[in-house]
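Letter by letter, the chains look like this.
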Amino acid sequence: MRLVGDNVEPKVYKTSEALRMAEEQELDLVEISPNAEPPVCKIMDYKKFVYMQKKRDKELKAKSTQITVKEIRFGPQTDEHDYEFKRKNAEKFLKEGSKLKAFVFFKGRSIIYKDQGQILLLRLAQDLEEYGKVEALPVLEGKRMIMFIAPKKKKQ
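Residues numbered from 1 in each chain as written. Predicted model: local features only at pLDDT ≥ 70, side-chain atom pairs only at ≥ 80, totals over all residues. Heavy atoms only, no water.

(A) The arrangement of the packing of aromatic side chains in detail. Under the criterion given, the structure shown has two aromatic pairs. In this structure, Arg73 is placed above the aromatic ring of Phe105, and the distance from its NZ or CZ to the ring centre is 4.7 Å. One residue, Arg144, lies across the ring of Phe103, its end atom 4.0 Å from the ring centre. (Phe/Tyr/Trp six-rings, centres within 6.5 Å; stacked < 30°, edge-to-face > 60°. Lys NZ or Arg CZ within 6 Å of the ring centre and 35° of its normal.)

In structure tokens, the structure reads:
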């Protein structure tokens, strides 16, 4: 087997000799690449390696952020005051770092106003341009027209 590691000359050794060297250093003989010809092993403290790996994974998990999706619902004929109120809430959600799912819900025969719904969502996207970017343009799914807006990254 090919042996690598600290305090070891990287070359091909017999298995028994590699085990003896690992015992002398009071470390473990770990197989790194079993499919290589010859197999590659390393002399290392395996418990310490596993501990450091878990620690690294935990740090990465702590750094990753959880993304929440907030929803805002409109009707196809939402009046100006309601629109402004919902736009301010949407702005607040994007500043917090949440994704925004804005949708227009069509009841009964109001589906004939789908162009008004699309105009409303595009207007919202334009009003929130400085806080977030449109991830998906308005799409009609059943009785809902949905649009996603993702928050812009904060400059540090």
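Moving on, there is more to tell.
(B) Focus on the nonpolar core. Of all hydrophobic cores here, the largest spans 18 residues; its most connected members are Phe74, Leu100, Val104, Leu121, Leu124 and Leu128. Put simply, the parts of the chain that give this core at least two residues each are β5 (69–74), α3 (80–96), β6 (99–105), α4 (114–127) and β8 (144–151). Val104 has contacts with Phe74, Gly75, Pro76, Gly117, Leu120, Leu121, Lys143, Arg144 and Met145, leaving out every residue within four places of it along the chain. (Core = buried A, V, L, I, M, F, W, Y, C linked by side-chain atoms within 4.5 Å. Buried < 20%, exposed > 50% of the residue type's maximum accessible area, 1.4 Å probe, protein only. Helix = DSSP H or I, 4+ residues; strand = E, 2+ residues; numbered from the N terminus. Contact = heavy atoms within 4.5 Å.)

(C) Representation of the sheet that holds strand β3 (residues 28–33) within the structure. Within the open sheet, the four strands sit side by side as β2-β1-β4-β3. Their pairing is mixed. At either margin of the open sheet sits one strand with a lone partner, and together these are β2 (11–12) and β3. Alignment of strand β1 (residues 2–5) against β2, held across two bridges, turns out to be antiparallel. Residue pairing for β2: Arg2 is matched across the bridge by Val12. (Pairing = 2+ DSSP bridges.)

(D) Structural context of helix α1 (residues 15–24). If you check which residues of α1 are buried, you get Ala18, Met21 and Ala22. Seen end-on, α1 carries its buried residues on one side only, within an arc spanning 100°. Exposed residues pointing more than 90 degrees away from the buried face of α1 are listed as Ser16, Glu23 and Glu24. Packed against the buried residues of α1 are β1, β3 and β4 (40–44). Of the residues one or two after α1, Glu26 is the one with positive phi, at around 55°. (Arc of directions from axis to C-beta.)

(E) View of the packing of α3 against α4. Contact geometry of α3 with α4 gives a least axis separation of 11 Å together with a crossing angle of 45°. Classified by the interaxial angle, the pair formed by α3 and α4 is oblique. Of the two possible hands of crossing, α3 and α4 adopt the one that is right-handed. Where α3 approaches α4, its residues Glu80, Tyr83, Glu84 and Arg87 are matched on the opposing element by Leu120, Arg123, Leu124 and Asp127. Taken together, the residues of the contact of α3 with α4 sort by class into three nonpolar, no polar and five charged. (Axes fitted to C-alpha atoms, helices over the stretch in contact; angles between N-to-C directions. Parallel < 35°, antiparallel > 145°, perpendicular 65-115°, else oblique. Left-handed = near helix turned anticlockwise from the far one by under 90°. Nonpolar A, V, L, I, M, F, W, Y, C, P; charged D, E, K, R; others polar.)

(F) Spotlight on helix α2 (residues 46–63). When the terminal C-alpha atoms of α2 are compared, their 26 Å separation across 18 residues agrees well with the 26 Å that a helix rising 1.5 Å per residue should span. In terms of burial, α2 is a largely surface element, zero of the 18 residues being buried. (Expected span 1.5 Å × (residues − 1).)

(G) Quick look at the sheet that holds β6. With mixed pairing, the four strands of this open sheet are ordered in space as β5-β6-β8-β7. At either margin of the open sheet sits one strand with a lone partner, and together these are β5 and β7 (132–141). Sheet twist, expressed as the average angle between the axes of neighbouring strands with direction ignored, equals 20°. Of the pairings in the sheet, the one linking β7 to β8 comprises seven bridges and is antiparallel in character. Residue pairing in the sheet places Ala136 in a bridge with Phe148 of β8. Running at roughly 170° to β5, α3 makes contact with β5, β6, β7 and β8 of the sheet.

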